[in-house]
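Each chain is listed here by its residues.
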Amino acid sequence: MKLVKFFSFIVVLLFVIFLFLINGFETTSLNKIIKEQVENKISNSQINFKNTTISLGVETFGVTVKLNSPEFLYKKNKIDIKSIKANIDLWSALKRENKINNVYLELDKTKISTINLLVKDFDTKSYAVILNKFLDGTLEGFVNIDFKNIENSRFEGVVKNSTVQLYENFPYATINNAELKYKNNILEIQLNTGKLADLDIKQSKITVASNNLLDELSINTRILINGKIDYLTKLKEFKNISGNLIPSGINNLKGDLDINIFLDILIDKELNVKKIKSDSKINTSNGSFDYSFAPNEDKNKIIISNVNTNSNLIDKDFSTIGDFLLNGKLVKFSFNKKIDSKLYQSNFSGSIDTVDFNTFLKNEVINGQIDFNISSNNKQGRNIINAKLNLDNALVKFDDINYKKEPKSKASLDFTLDKKSENINIFSQLSYVAKDSKINLVNLILNKNNEIENFKSINIETPKNSVSINKNKDNVSIVGDSLDLTKFIQSLTDFSDDSNTVSSNFNSKLTAKIKKVYIGKDVINELVLSANLKNGEYESLNGFGSFSNTETASITINKNKKNNIVTTFVSDRSVPFLSGLNFAKGFGNGKLNYISEEDLAVDKTNTKITLSNYYVKEMPILANLLSLTSFTGIIDTLTGKGVFFDKSYLEYEIKNKTLTIIDAYGTGDSLGYTLEGKINPDGFVSLDGNLVPAYLVNDIIRQVPVVGKIFTGKQGDGIFGASFKIKGQPNSLETTVNPIRTLTPRFIQRFFDLFRSSSK
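My aim in this report is to walk through the structure given alongside it, one point at a time. Note that the structure is predicted; figures quoted are calculated from it, not measured.

1. Things to note about the overall build of the chain
1) Next: Within the chain one finds 14 helices and 44 strands.
2) Next: The buried share of the chain, reckoned over its 760 residues, is 41%.
3) Next: Contacts spanning at least 24 positions in sequence make up 46% of the contacts within the chain whose residues lie at least 6 apart.
4) Next: Accessible surface computed for the chain: about 42900 Å², of which carbon and sulfur atoms make up 55%.

Below, the structure is given as structure tokens:
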């Protein structure tokens, strides 16, 4: 019986001791041991506390040591601690070794920058790299550090008011509230509220798992972002990112964004992406922006509005569809691309009006409304563009062949453009079809200056054109029934146009045979031509045709002994070839003799033009001069049959794009003239001249030996005449007459001019 009581006493005693151990007791005996072990386990740390409460851990069946009034510093930075507990294995405690298994720290609001210092030393993976992205803010929660197996350590806490910088040039994110959990090498970040620049982040989650062996991180994200892009585009960081994605001419970018990012990413410890899987969506609505072709010029811009897009990133495949208004006209588009490849596909369809672009894009071919469907893709590093244009409501002009199609008439233009590089464009096919007209080009190769590098064939069928141009290696053959060169001939007198049709790489032997060539109202019959082109220039050329049985036209180009290019053109009809000159529109009849010598060494051209037996009538500038000089009698002749000239001669030189008249005069029964002056590169005209009435009388006097030429001067001049000046731009010429010089006999003027010249 006594034995039973003894064992009962022992059980009760043990139970009391057990209860005592569970509730714990305070002591200072372990202060030194705990302080030494913690500071040894966590280098650069310092821990202070009043005493410890020792209790028995029921779950761990070990000894729990709670530090009272703890203070913890890491690298002299204080980490606010609510409580610290250390767990000691019971067997270790009985042997008085007191080895700490783990430490539990409950954190008060602590600066994340301080926590980062601690995590960086404990984490040999890449979590420290991620946490270092948190630049500020506070962290509150608990940490359980397992000293036996550091990878089993865990953490739970709340981040508040933190700023995050994912990449150096990426817009900052702010986190108002986020929950962090770390366990079994897995970090979970639950973003409850936050912002990316001015975009809202809501209910987003990021999970990061570590691969111990390969030192890799797998990241799973679910990020929901929405808001307006307006503020984002003003950020310097966004501009650094978007510089290569958004053209520099885009301004005032606005719109609503709705982004759902679902990503599985595998990265290395430096955050370099090794693998990626995605099921993400990006939607925009109510977007708008201005696009300027020239900086700081409001008139040179187009307005893009009502931009709505739906984009998906499925693994490495990015696709988007959407629509927008281009200056108020609807355009639909789609785009597909692999993010790790240059390959892409895009499609645009809609309508535009060329009027919206006329201020900054010179377009003399198509004007008006164009309905289009354009697709583009990248193959083997080359951009291929397929375009189908409906031109029913557009005005179409091909001036070189004098072709014109009015609006409200069916027409289409289809082409395939191969952009081999920035400098080479290949039209593998181009087809224009309209009523009674077809134009086809095959393998037309243009350089960056739109000069022809090569081609295979060009076929033209219009009411006034029927011609085929084919190229086989270096041989070009032009054959046809008709060709209208009215506008082309007019363009040859445009001295301001420096553009070339063919490039300096173009070499060929050319032959042509065309039954009828139209130049205005005139027709050249049976034109035959042969030429050699070298480096884009005519090395030699011979051409011949006839207006009638008695009237012909011929042209030759060759090199002389000085290696200069000499062009000679002779025509029994001058009017067709002078039609591009405004002052020559009143010409009638006459023969033309043109010879030009181009000195390639100094880029200088000397030209001599002779016109004979022609009439001038309805010429406003001449009528104005005659009126100012009171030669009103000749005006009646000018408006009637016309003023007859038996000869006009013009010799001029072009150097450094300046045209200088060397000699110019005209002679006729009723009127003669002389002319001198310059036309500057900017087109400014500065001419001085003399009009001499009753020129036939002056010419008779000129024949008098010795004194004849003294009184009448050179060809075109006379005894009496009117001195005039013409200055200004071609469209606003100002004509003036010197009345004193008009009343003074011309031989006296020439006498005093000699002294003026010698005194200079």
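2. Some thoughts on the pattern of salt bridges
1) Next: Counted under the stated rule, the structure contains 14 salt bridges.
2) Next: Lys 404 is the salt-bridge partner of Glu 406, the closest N and O atoms lying 3.5 Å from each other.
3) Next: Judged by its relative accessible area of 44%, Glu 406 falls in the partly exposed class.
4) Next: Ionic pairing is found between Asp 688 and Lys 725, a salt bridge with its closest N-O pair at 2.8 Å. Pair noted here: Asp 688 is in strand β42 (residues 685–693) and Lys 725 is in strand β43 (residues 722–728), with a separation of 37 residues, a long-range link.
5) Next: Via salt bridges that share partners, Asp 522, Glu 551 and Arg 573 belong to a single interconnected network.

3. Quick word on the nonpolar core
1) Next: Counting 136 residues, the largest nonpolar core has Val 65, Phe 72, Leu 391 and Tyr 432 as the members making the most contacts within it.
2) Next: Broken down by element, the residue count for this core peaks at 7 residues, all from strand β15 (residues 250–268).
3) Next: Other than its neighbours up to four places away in sequence, Val 65 contacts Leu 30, Ile 34, Thr 52, Thr 53, Ile 54, Ile 84, Lys 85, Ala 86 and Ile 88.

4. A few points about empty space enclosed by the protein
1) Next: According to the stated counting rule, one finds 1 cavity of 30 Å³ or more in the structure shown.
2) Next: Put simply, the largest cavity is a space of about 40 Å³.
3) Next: In terms of lining, the largest cavity is formed by Val 38, Ile 42, Ile 47, Phe 72, Ile 84, Val 103, Leu 105 and Ile 145.
4) Next: Each residue belonging to the lining of the largest cavity can be placed in one class, and the counts come to 8 nonpolar, no polar and no charged.

Quick notes on the rules
- Residues numbered from 1 in each chain as written.
- Predicted model: local features only at pLDDT ≥ 70, side-chain atom pairs only at ≥ 80, totals over all residues.
- Heavy atoms only, no water.
- Helix = DSSP H or I, 4+ residues; strand = E, 2+ residues; numbered from the N terminus.
- Buried < 20%, exposed > 50% of the residue type's maximum accessible area, 1.4 Å probe, protein only.
- Contact = heavy atoms within 4.5 Å.
- Areas by Shrake-Rupley, 256 points an atom, 1.4 Å probe, with all protein chains shown as cover.
- Salt bridge = Lys/Arg side-chain N within 4 Å of Asp/Glu carboxyl O.
- Core = buried A, V, L, I, M, F, W, Y, C linked by side-chain atoms within 4.5 Å.
- 1 Å grid on protein atoms, 1.4 Å probe; cavity = no way out; pocket = protein on both sides within 12 Å on 5 of 7 lines; lining within 4 Å.
- Points joined across faces, edges and corners; volume = space filled by probe spheres on them.
- Nonpolar A, V, L, I, M, F, W, Y, C, P; charged D, E, K, R; others polar.

Keep in mind these numbers describe shape, not what the thing actually does.
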